Amino acid sequence: GKPRARECRGAFLDREKKRGNPLRRLRGSYFKNAAGLTIGITWSFEKKDKSCPWFFNLLEGQFDEAVLLCEINKEAVQVIHLPKTFLDRYAKQMSRGKNGRIMFNVAKRNGNFFLQLPNPVGWIDVSNYTEKEPLVCPHLEFA
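Residues numbered from 1 in each chain as written. Predicted model: local features only at pLDDT ≥ 70, side-chain atom pairs only at ≥ 80, totals over all residues. Heavy atoms only, no water.

## Here's the deal with the pattern of salt bridges
All chains considered together, the criterion is met by eight salt bridges. Note that R15 and E16 form a salt bridge whose closest N and O atoms lie 2.9 Å from each other. You can call R15 buried: its relative accessible area is 15%. Taken together, the salt bridges that share partners define one network made up of R15, E16, R19 and E131. (Salt bridge = Lys/Arg side-chain N within 4 Å of Asp/Glu carboxyl O. Buried < 20%, exposed > 50% of the residue type's maximum accessible area, 1.4 Å probe, protein only.)

Structure follows, in structure tokens:
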């Protein structure tokens, strides 16, 4: 879990630096971008039977934007970047977990990615926030 999350987060950070968007680590999974926004970057993997969606969490009040790294196979993650405008609109409606964590429940259906919010909202298509190409993230650490 944690070693793989570090690998995927590192691949994302390296790619962003090459794109001219370096992120400065604040603590753990939280980073600051050039605009001064705090980005929470979290990772999850898809169950082998693909019946389970990806589950993520970030501490409420600790981030302005969220990057969800959905591991889709052994070597790649699908990047979903939820901007501040999206979170300003929907964060208050998102589920809360233990210790003040905002819960992100993501599923892929018919090629699109959806984020689940409690009823009456339900599933929201977040494909517009999903990168077209998966991020290559090879396994670097060995158990």
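So, next bit.
## So, the pairing of strand β5 (residues 65-73)
Taken across its nine residues, β5 has seven buried, putting it largely inside the fold. In terms of strand pairing, strand β3 (residues 38-45) meets β5 through seven bridges, oriented parallel. Opposite T42, over in β5, you have L68 as the bridge partner. Relative to strand β6 (residues 76-82), β5 runs antiparallel, the two being bridged by seven bridges. From the neighbouring strand, N73 faces β6, where its bridge partner is A76. The turn joining β5 and β6, which pair antiparallel and follow one another in sequence, is formed by two residues. (Helix = DSSP H or I, 4+ residues; strand = E, 2+ residues; numbered from the N terminus. Pairing = 2+ DSSP bridges.)

## Overview of the nonpolar core
Grouped together as the largest cluster of nonpolar side chains are 23 residues, with contacts concentrated most on L82, F86, L87, M94, F104 and V106. Among the secondary structure elements, those contributing two or more residues to this core are β4 (54-59), β5, β6, α2 (84-90), β7 (101-109) and β8 (112-117). Each residue touching F86, except ones within four places of it in the same chain, is listed here: M94, L115, I124, V126 and Y129. (Core = buried A, V, L, I, M, F, W, Y, C linked by side-chain atoms within 4.5 Å. Contact = heavy atoms within 4.5 Å.)

## Considerations on the pairing of β7
In the sheet, β4 pairs with β7 via six bridges, with the strands oriented antiparallel. The residue bridging F55 from the neighbouring strand is N105, located in β7. Counting the residues that bridge the hairpin from β7 to β8 gives two residues, and of these N110 lies at a positive phi of roughly 50°.

## Focus: the sheet that holds β8
The four strands lie next to each other as β4-β7-β8-β9, forming an open sheet whose pairing is antiparallel. Bordering the open sheet on either side are β4 and β9 (122-125), each of which pairs with just one other strand. Taking the axes of each pair of neighbouring strands and ignoring which way they run, one obtains an average angle of 35° across the sheet. (Axes fitted to C-alpha atoms, helices over the stretch in contact; angles between N-to-C directions.)

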